[in-house]
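Residue-level listing of the chains:
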Amino acid sequence: MKRKIRYAVVGLGHIAQAAVLPAFKQAKVNSELTALISGDATKLRVLGKQYKVENLFDYSEYEKCMASGLVDAVYIATPNTMHRQFAEIAAKHGVHVLTEKPMAPRQQDCLSMIQAARLNKIKLMVAYRLHFDPANLAVIETINKGQIGDARIFNSTFTMQVADLNNIRLQKKMAGGPLYDIGIYCINAARYIFQDEPVEVSATRATSNDPRFKEVEEMIAVTMRFTKARLATFAISFGAADSSMYEVLGTAGQIRLQNSYEMNQTMTLTTKTDSRERKKVFKKHDQFAPELQYFSDCILKNKEPEPSGEEGLLDIKIIEAIYRSLRTGQITKIDYYHKTTRPTQKLRMQKPAHGMPRIVNANGPQG
């Protein structure tokens, strides 16, 4: 029988329960849910029974789990500020790391995680689920084939109403705010669509008197300049109606992807040129099982993951530059980095959608 990679999932918040835990059923070809780790005893008891997982650990027992030999890999779904801590402990014990994005709040955290992975010879991957998504990969392929000419402008909005006042997205000390949580999707999409890195950014922000936004910005607008005369702009907000889309304008046409960043909605891809307009609908699907299956394959075949620690670091480098622009009111230069790996159709993987499981002691951003 083909060996399966045994996973511990650390952090049993909404994203873990709604998406990560159910994904193991569709990644069972090479991935197995073996342990759960949380500070909530009720979550451990109920979810352990629901997913037939016997190895249940409190956060205080995390290192014990990593040293036990029970698991080969860990999926880190904790708040952003805890990613580095859990990743480095896992690496120390030879356990491979798949961590949610953002990789960490600061560049130095990301660099430390990358160094720990190298020293301990483990695989490190950041959970960029859209690198495996058929709709987003179709956009990349269309542009690479020159169907809209040379891509020049990327424009995006990603907005939602964060209704839960206790949600960590509204807490500064937990690296909350729209830039880390949803802006990172726009940044990453612009990078994989242009197949390049920005060389400067400028940003502005606005916040109402809404009590939700005492600690974090309500909305931010960003412009990124890339090489070869290309611009990317995006607006993000935790206080506006739901929107998740981007469009790419080329010299001979344009592409628009509706619901581009969503994990459980149908996506609609529209391509326009002078001669015709084409639409393609991508039904909702499981975006987390492909991540698990791909990462397990990288471990089993000793391959470096494409959405690597380097990928996570580059997004944080840009986020730090955006925050400098917000503080100074000036355009911020970014040292250019030549990255050689990008998501391609080789990563394309589609799994059927699953129903929403019962959520235990956790709220999503909209309550």
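Residues numbered from 1 in each chain as written. Predicted model: local features only at pLDDT ≥ 70, side-chain atom pairs only at ≥ 80, totals over all residues. Heavy atoms only, no water.

### Comments concerning unusual backbone geometry
Excluding glycine, most residues fall at negative phi; most peptide bonds, likewise, are trans.
Thinking step 1. A cis amide bond links Lys101 to the next residue, Pro102, at an omega of -10°.
Thinking step 2. Residues other than glycine seldom take positive phi values, yet Lys52 does so here, at roughly 55°.
Thinking step 3. Position of Lys52 relative to the elements: it lies in the loop between helix H2 (41–50) and strand E3 (55–57).
Thinking step 4. Overall, the relative accessible area of 74% leaves Lys52 in the exposed class.
Thinking step 5. One non-glycine residue, Asn302, adopts positive backbone phi at about 55°.
Thinking step 6. Checked against the element boundaries, Asn302 lands in the loop between helix H8 (289–301) and helix H9 (309–328). (Helix = DSSP H or I, 4+ residues; strand = E, 2+ residues; numbered from the N terminus. Buried < 20%, exposed > 50% of the residue type's maximum accessible area, 1.4 Å probe, protein only.)

### A word on the sheet that holds strand E1 (residues 5–10)
Thinking step 1. A sheet is described by the order of its strands in space; here 6 strands give the open sequence E3-E2-E1-E4-E5-E6, paired in parallel fashion. Since the sheet does not close on itself, it has two edges, and those belong to E3 and strand E6 (124–126), each with one partner. Sheet twist, expressed as the mean angle between neighbouring strand axes with direction ignored, is 25°.
Thinking step 2. Relative to strand E5 (residues 96–99), strand E4 (residues 73–76) runs parallel, the two sharing 4 bridges. When the sheet's bridge partners are listed, Tyr75 is paired in E5 with Leu98. (Pairing = 2+ DSSP bridges. Axes fitted to C-alpha atoms, helices over the stretch in contact; angles between N-to-C directions.)

### Describing the nonpolar core
Generally speaking, soluble globular proteins have nonpolar side chains that are buried together.
Thinking step 1. Counting 86 residues, the largest nonpolar core has Met66, Val74, Phe154, Met224, Tyr246 and Ile322 as the members making the most contacts within it.
Thinking step 2. Counting residues per element, this core draws most heavily on helix H7 (residues 178–194), which supplies 12 residues.
Thinking step 3. Listed in part, the 34 residues of the second largest apolar core include Ala16, Met125, Leu292 and Val360. (Core = buried A, V, L, I, M, F, W, Y, C linked by side-chain atoms within 4.5 Å.)

### Let's talk about the packing of aromatic side chains
Thinking step 1. The full count for this structure, using the stated rule, is 11 aromatic pairs.
Thinking step 2. Here Phe194 and Phe226 contribute two aromatic rings whose centre-to-centre distance is 5.0 Å and whose plane-to-plane angle is 70°, an arrangement assigned as edge-to-face. Residue Phe194 is located in helix H7, and its partner Phe226 is located in strand E9 (residues 219–226); the two are separated by 32 residues in the primary sequence. An identical accessibility class is assigned to Phe194 and Phe226; each is buried. (Phe/Tyr/Trp six-rings, centres within 6.5 Å; stacked < 30°, edge-to-face > 60°.)

### Thoughts on the environment of Ala151
Thinking step 1. Structurally, Ala151 is set in strand E7 (residues 151–161).
Thinking step 2. Placed 100 residues apart in sequence, Ala151 and Thr251 show a C-alpha to C-alpha distance of 6.6 Å.
Thinking step 3. The residues touching Ala151, leaving out its near neighbours within four places in the chain, are Ile143, Phe194, Arg230, Val248, Leu249 and Gly250. (Contact = heavy atoms within 4.5 Å.)

### A short note on the pattern of salt bridges
Opposite charge on two side chains permits pairing when their charged atoms draw close.
Thinking step 1. Enumeration over the complete set of coordinates arrives at 24 salt bridges.
Thinking step 2. The partner of Arg84 in a salt bridge is Glu88, with the nearest N and O atoms 3.0 Å apart. Of the two residues, Arg84 and Glu88 both sit in helix H4 (residues 83–92), 4 residues apart, roughly one turn of that helix.
Thinking step 3. We classify Glu88 as partly exposed; its relative accessible area is 24%.
Thinking step 4. Across the pair Asp181 and Arg169 runs a salt bridge, and its minimum N-O distance is 3.1 Å. Of this pair, Asp181 sits in helix H7 while Arg169 sits in the loop between E7 and H7, and the two are 12 residues apart along the sequence.
Thinking step 5. Overlapping salt bridges bring together Arg191, Glu197, Glu311, Asp315, Lys339 and Arg342 as one network. (Salt bridge = Lys/Arg side-chain N within 4 Å of Asp/Glu carboxyl O.)

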